[in-house]
Amino acid sequence: MPKSGLNVALKGLDDLFSSEETRQEEQREQVQQIPVDELFPFKNHPFKVLDDDAMTRTVESISQFGVLAPLIARPRPEGGYEIISGHRRKHAAELAHLDTVPVIVRNMEDDAATILMVDSNLQREHILPSERAFAYKMKLDAIKNQGARSDLTSSQVGTKLRADEKVAKDSGESRNQVQRFVRLTNLVPELLAMVDEKKISFNPAVELSYLDEKQQQDFLEAMDASQNAPSLSQAIRIKKLAQQGEFDYDAVYNIMNEEKKNELDTVTIKNETLRKYFPRSYTPRQMESIIIKLLDQWQLKKQQAKQKKQEEAR
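Source: prediction; values computed, not measured.

(A) Quick peek at the packing of helix α6 (residues 163–171) against helix α7 (residues 175–183). Put simply, α6 and α7 touch, their axes get as near as 8 Å, and they point 100° apart. Relative to α7, the element α6 is oriented roughly perpendicular. Between α6, through D164, E165, V167, A168 and S171, and α7, the contact on the second element is made entirely by R175, V178 and Q179. Residues that form the contact of α6 with α7 fall into these classes: three nonpolar, two polar and three charged.

This is how it looks when you write it as structure tokens:
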């Protein structure tokens, strides 16, 4: 082959590889510095961004080191960017008075963005029941939407996982537990807040989620009047009243006003009450031991006083 022909061939190969590298570089996601005021929360974002102790620590870290983990966002049709992952970091950056934050801008469809938003937030250590409930529901709906196009939710043998099985597998929950969390999204806000605040336990709350909105409001009034939180058995009975068409305020109040056996058999002293009388270094077991000794001494004094009274009466 003539030398000039070889040069032409080599030049063509160089251009080919150079173009491929350029294409890969263009496809590779780049971290950009985006102004904080151009970042907006994900639509119906189910996770709360709280100004708590964890946020204070995050602000302190960002003030010292900056935002180390880039946010993920997607362009909005109306301008700016919708945050997919990084709502807490964005808020902390605002509190730290940063003008820009590092962001990976990613073009994503609604369903894929929803799934990524949920998955990235479920890695957090502390998640409220209401957050988990709405997150599972959003992801479930997104997977079902994808399944309508890709047969993801088909129940035929040999097809892909059902939507709730997929959510369960990704979250490490059982399919039944995922469905129970999603039930909580049927609670009125006041009841759901009580679940977050641990005023109502998870299992009774699931049963109460089968009541309609008016029935839930009546239940709240009965709970307030009786000053009692529902046990699981009480919630099941209240749900049964609704299913049988026998639900009314008086019936619910009578159930809620019953004395629970465990309340009759158990005495509970709050930790903050006990801490007033013991050094902070004392363990619960040490406090219990001292309380028992004091009760023994009190009982002995009572017996001695009774015996002395009997002797004086003779």
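Past the structure itself, the notes keep going.
(B) Main features of the pattern of salt bridges. Scanning all chains against the criterion turns up 17 salt bridges. Salt-bridge contacts for D164 lead to R162; the nearest nitrogen and oxygen are separated by 2.7 Å. What makes R162 partly exposed here is its relative accessible area of 32%. Close ionic contact of D218 with K214 constitutes a salt bridge, the shortest N to O distance being 2.8 Å. On the criterion of helical spacing, the pair formed by D218 and K214 is a turn pair, its members being four residues apart in helix α10 (residues 213–226). Among the residues examined, D218 registers a relative accessible area of 14% and is labelled buried.

(C) Highlighting the side chain of N228. Relative to the helices and strands, N228 is located in the loop between α10 and α11 (232–243). Separated by 2.9 Å, the side chain of N228 and the backbone oxygen of M256 make a polar contact.

(D) The arrangement of the packing of helix α2 (residues 53–65) against helix α3 (residues 87–95) in detail. With their axes 9 Å apart at the nearest point, α2 and α3 run at an angle of 65° to one another. Crossing angle aside, the handedness with which α2 passes α3 is right-handed. Where α2 approaches α3, its residues A54, M55, T58, V59 and I62 are matched on the opposing element by R88, R89, H91, A92, A93 and L95.

(E) Expanded view of the sheet that holds strand β4 (residues 81–85). The sheet built from five strands is open, its strands ordered β1-β5-β3-β4-β2 with mixed pairing. Of all strands in the sheet, those with a lone pairing partner are β1 (31–35) and β2 (39–40), marking the two edges. Taken strand by strand, α3 contacts β2, β3 (71–75), β4 and β5 (100–105), and its axis lies near 120° from that of β4.

(F) A look at the layout of surface pockets. Approximately 350 Å³ is the volume found for the largest pocket. Surrounding the largest pocket, K48, L50, D52, A54, R88, R124, E125, H126, I127, L128 and E131 form its lining. Roughly 290 Å³ of internal volume is contained in the second largest pocket. The set of elements that each furnish at least two residues to the lining of the second largest pocket consists of α4 (110–121) and α5 (129–150). Of all the elements, α5 adds the most residues to the lining of the second largest pocket, at four residues. For the lining of the second largest pocket, a count of residues per class yields four nonpolar, three polar and eight charged.

(G) Local environment of the nonpolar core. With 45 residues, the main nonpolar core has L184, L187, F219 and I238 as its most contacted residues. Per-element accounting of this core gives the leading share, seven residues, to α5. There are two domains that each give this core at least three residues, and those are domain 1 (27–107) and domain 2 (197–264). Excluding its chain neighbours within four sequence positions, the residues that come into contact with F219 are L191, I200, L208, L211, P230, I238, F247, V252 and M256. Residues I34, M55, V67 and V103 belong to the second largest nonpolar core, which totals 16 residues.

(H) The arrangement of α6 in detail. Along α6, the positions that sit buried rather than exposed are A163, D164, V167 and A168. All buried residues of α6 lie within an arc of 135° about the axis, which places them on one face of the element. Phi turns positive one or two residues past the end of α6, at G172, with a value near 75°.

(I) Spatial organisation of the pairing of β3. Within β3, four of the five residues are buried, leaving the element largely enclosed by the surrounding structure. Two strands pair when backbone bridges link them, and β3 and β5 are joined in this way by three bridges, in the parallel orientation. The partner of A73 across the bridge, within β5, is V105. As defined by bridge partners, β3 adjoins β4 across four bridges and the pair is classed as antiparallel.

(J) Region of the structure containing the environment of D196. Structurally, D196 can be placed in helix α8 (residues 189–196). When near neighbours in sequence (up to four residues on either side) are disregarded, D196 contacts K48, L128, P129 and S130. Looking at D196, its side chain comes within polar contact range of the side chain of S130, at 2.6 Å.

About the thresholds
- Residues numbered from 1 in each chain as written.
- Predicted model: local features only at pLDDT ≥ 70, side-chain atom pairs only at ≥ 80, totals over all residues.
- Heavy atoms only, no water.
- Axes fitted to C-alpha atoms, helices over the stretch in contact; angles between N-to-C directions.
- Helix = DSSP H or I, 4+ residues; strand = E, 2+ residues; numbered from the N terminus.
- Parallel < 35°, antiparallel > 145°, perpendicular 65-115°, else oblique.
- Contact = heavy atoms within 4.5 Å.
- Nonpolar A, V, L, I, M, F, W, Y, C, P; charged D, E, K, R; others polar.
- Salt bridge = Lys/Arg side-chain N within 4 Å of Asp/Glu carboxyl O.
- Buried < 20%, exposed > 50% of the residue type's maximum accessible area, 1.4 Å probe, protein only.
- Polar contact = N/O pair within 3.5 Å; in protein donor to acceptor, adjacent residues only side chain to side chain.
- Left-handed = near helix turned anticlockwise from the far one by under 90°.
- Pairing = 2+ DSSP bridges.
- 1 Å grid on protein atoms, 1.4 Å probe; cavity = no way out; pocket = protein on both sides within 12 Å on 5 of 7 lines; lining within 4 Å.
- Points joined across faces, edges and corners; volume = space filled by probe spheres on them.
- Core = buried A, V, L, I, M, F, W, Y, C linked by side-chain atoms within 4.5 Å.
- Domains from an automatic or database assignment.
- Arc of directions from axis to C-beta.

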